[in-house]
Amino acid sequence: MGDEKRPASEKEPQGALADEGNVESGSAGPGVPGRDGAPPAPQRPRKKWPMVVGVIAVVLVVAGAGFLVWHESPSFCNAICHEPMDPYVEGYYQDEALMAHVHQVADTTCLDCHEPKIDEQITEGLAWVRGDYSVGEDGMLTTVGVRSDAQMCATPDCHDFEGVVAATQDWGGEEGVNPHESHQGYQLDCSSCHSAHGQSMMYCNTCHDYQVPEGWAAPVQSAEPADKA
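Residues numbered from 1 in each chain as written. Predicted model: local features only at pLDDT ≥ 70, side-chain atom pairs only at ≥ 80, totals over all residues. Heavy atoms only, no water.

S.K.: Help me understand the overall build of the protein chain, please; the structure alone is not making it clear to me.
M.R.: On a plain count of helices and strands, the protein chain comes out with nine helices and zero strands. Each helix and strand of the protein chain, placed in order from N terminus to C terminus, yields the pattern α-α-α-α-α-α-α-α-α. Taking all 229 residues of the protein chain together, the buried fraction comes to 16%. For the protein chain, the share of sequence-separated contacts (at least 6 apart) that also reach a separation of at least 24 residues comes to 36%. On the protein chain, roughly 17300 Å² of surface is accessible, and the fraction owed to carbon and sulfur atoms is 57%. (Helix = DSSP H or I, 4+ residues; strand = E, 2+ residues; numbered from the N terminus. Buried < 20%, exposed > 50% of the residue type's maximum accessible area, 1.4 Å probe, protein only. Contact = heavy atoms within 4.5 Å. Areas by Shrake-Rupley, 256 points an atom, 1.4 Å probe, with all protein chains shown as cover.)

S.K.: Even after reading the chapter, I still don't get the side chain of Asn178, so can you show me in this structure?
M.R.: Within the secondary structure, Asn178 is located in the segment after helix 9 (161-167). At 2.9 Å, the side chain of Asn178 forms a polar contact with the backbone oxygen of Val165. At 3.0 Å, the side chain of Asn178 and the backbone nitrogen of His180 are in polar contact. Residues within four places of Asn178 in sequence aside, it is in contact with Val165, Thr168 and Gln169. (Polar contact = N/O pair within 3.5 Å; in protein donor to acceptor, adjacent residues only side chain to side chain.)

S.K.: Would you mind showing me how to read a negative patch on the surface here?
M.R.: Residues Glu115, Asp119, Glu120 and Glu124 make up a contiguous surface patch of negative charge. As for its placement among the helices and strands, Glu115 is situated in the loop between helix 6 (110-113) and helix 7 (118-130). The exposure class assigned to Glu115 is exposed, which follows from its relative accessible area of 56%. (Patch = residues over 30% accessible without salt bridge, like charges linked within 9 Å, V, L, I, M, F, W, Y side chains within 5 Å. Salt bridge = Lys/Arg side-chain N within 4 Å of Asp/Glu carboxyl O. Lys, Arg positive; Asp, Glu negative; His and termini not counted. Charge placed at Lys NZ, Arg CZ, Asp CG, Glu CD.)

S.K.: How should I be thinking about the packing of aromatic side chains in this particular structure?
M.R.: Here the distance between the centres and the angle between the planes together describe a pair of aromatic rings. The tally for this structure, following the rule as stated, stands at one aromatic pair. Here Tyr92 and Tyr93 contribute two aromatic rings whose centre-to-centre distance is 5.0 Å and whose plane-to-plane angle is 85°, an arrangement assigned as edge-to-face. With a relative accessible area of 8%, Tyr92 lands in the buried category. (Phe/Tyr/Trp six-rings, centres within 6.5 Å; stacked < 30°, edge-to-face > 60°.)

S.K.: Please clarify how the confidence of the model for the protein chain should be interpreted in this entry.
M.R.: Detailed conclusions should not be drawn from predicted coordinates in areas where pLDDT is low. Confidence in the prediction of the protein chain, expressed as mean pLDDT, is 77, and 72% of residues score 70 or more. Mean pLDDT across the secondary structure elements of the protein chain bottoms out at helix 1 (residues 14-24), with 45, and peaks at helix 5 (residues 99-105), with 94. Taken as a whole, residues 15-28 scores under 50 in pLDDT and shows eight contacts with residues more than four places along the chain or in a different chain. (pLDDT = per-residue confidence, 0-100.)

S.K.: Honestly, unusual backbone geometry in this entry has me stumped. Any pointers?
M.R.: The general pattern is negative phi for most residues beyond glycine and trans for most peptide bonds. Look at Asp107: it is not a glycine, yet its phi comes out positive at around 65°. With respect to the helices, strands and loops of the structure, Asp107 is situated in the loop between helix 5 and helix 6. One non-glycine residue, Asp170, adopts positive backbone phi at about 55°. On the secondary structure map, Asp170 appears in the segment after helix 9.

S.K.: I keep staring at helix 4 (residues 82-94) and nothing clicks. Help me out?
M.R.: In this model, helix 4 (13 residues) spans 17 Å end to end at C-alpha, consistent with the 18 Å of a helix rising 1.5 Å per residue. Where helix 4 is concerned, the buried positions are Pro84, Tyr88, Val89, Gly91 and Tyr92. Angularly, the buried residues of helix 4 cover 160° about the axis, an arc narrow enough to put them on a single face. Buried residues in helix 4 make contact with helix 3 (75-80), helix 5 and helix 7. (Expected span 1.5 Å × (residues − 1). Arc of directions from axis to C-beta.)

S.K.: Looking at this structure, I do not really get the pattern of salt bridges. What am I missing?
M.R.: Should the charged atoms of two oppositely charged side chains come close, the side chains can pair. Scanning all chains against the criterion turns up one salt bridge. For Asp132, the salt bridge identified is with Arg130, shortest N-O distance 3.8 Å. On the basis of relative accessible area, Asp132 is assigned to the exposed category, the value being 52%. Residue class for Arg130 comes out exposed when judged on its relative accessible area of 55%.

S.K.: I tried to follow a nonpolar patch on the surface on my own but got confused; where do I start?
M.R.: Together, Met51, Val55 and Val59 give the surface a local cluster of nonpolar side chains, amounting to about 320 Å² of exposed area. Structurally, Met51 can be placed in helix 2 (residues 49-71).

S.K.: Please explain the side chain of Ser192 as it appears in this structure.
M.R.: Mapped onto the elements, Ser192 comes out in the segment after helix 9. Judged by its relative accessible area of 15%, Ser192 falls in the buried class. In contact with Ser192, not counting residues within four places along its chain, are Arg147, Met201 and Tyr203.

Okay, structure coming up:
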């Protein structure tokens, strides 16, 4: 009968009807040829290069940031240049007699004192590649071009020079003696006495006979000791 319902198995799926409609209209779905024999419309491949470029950019940023952090740590100095940097880094971490170790305890890094300058780093790198340097029996450089003066050391983030002068007034209990208020003015710089990576020396005693700090060396006097006044 016309009013009888067709079994569910005999019903045409809606998808089939939709596809049939597409075929009849001549517009087939992707990859399905139309009834008129027209080739299917080609699918555009999804572009992957933006994702690849993005991943590479993230990797480079993370690697660059990590390198900058490592570059500021003392371990960077001897990670590549084992010679001659090993003794300097080892002393920085281990030798309690060195001023460098005192700076390490105070959380002062190499670059806090040795300001990184591109031209100097290139020059030092080329000298290392060529082997254009010499070291002594202790493994230290025999020629050191870095001098420490008040401009380097007496800064707001480091030492208050006026405080240093006050702390060494009447040095060794001798009235009027102050190694940081020399009669030579500022012709002497900090590294004339203080050595960060070696034994410091009481330069004043080249002429005078002042008290020598514990662990320091006294220079050979060039003449009879001068008056202490």
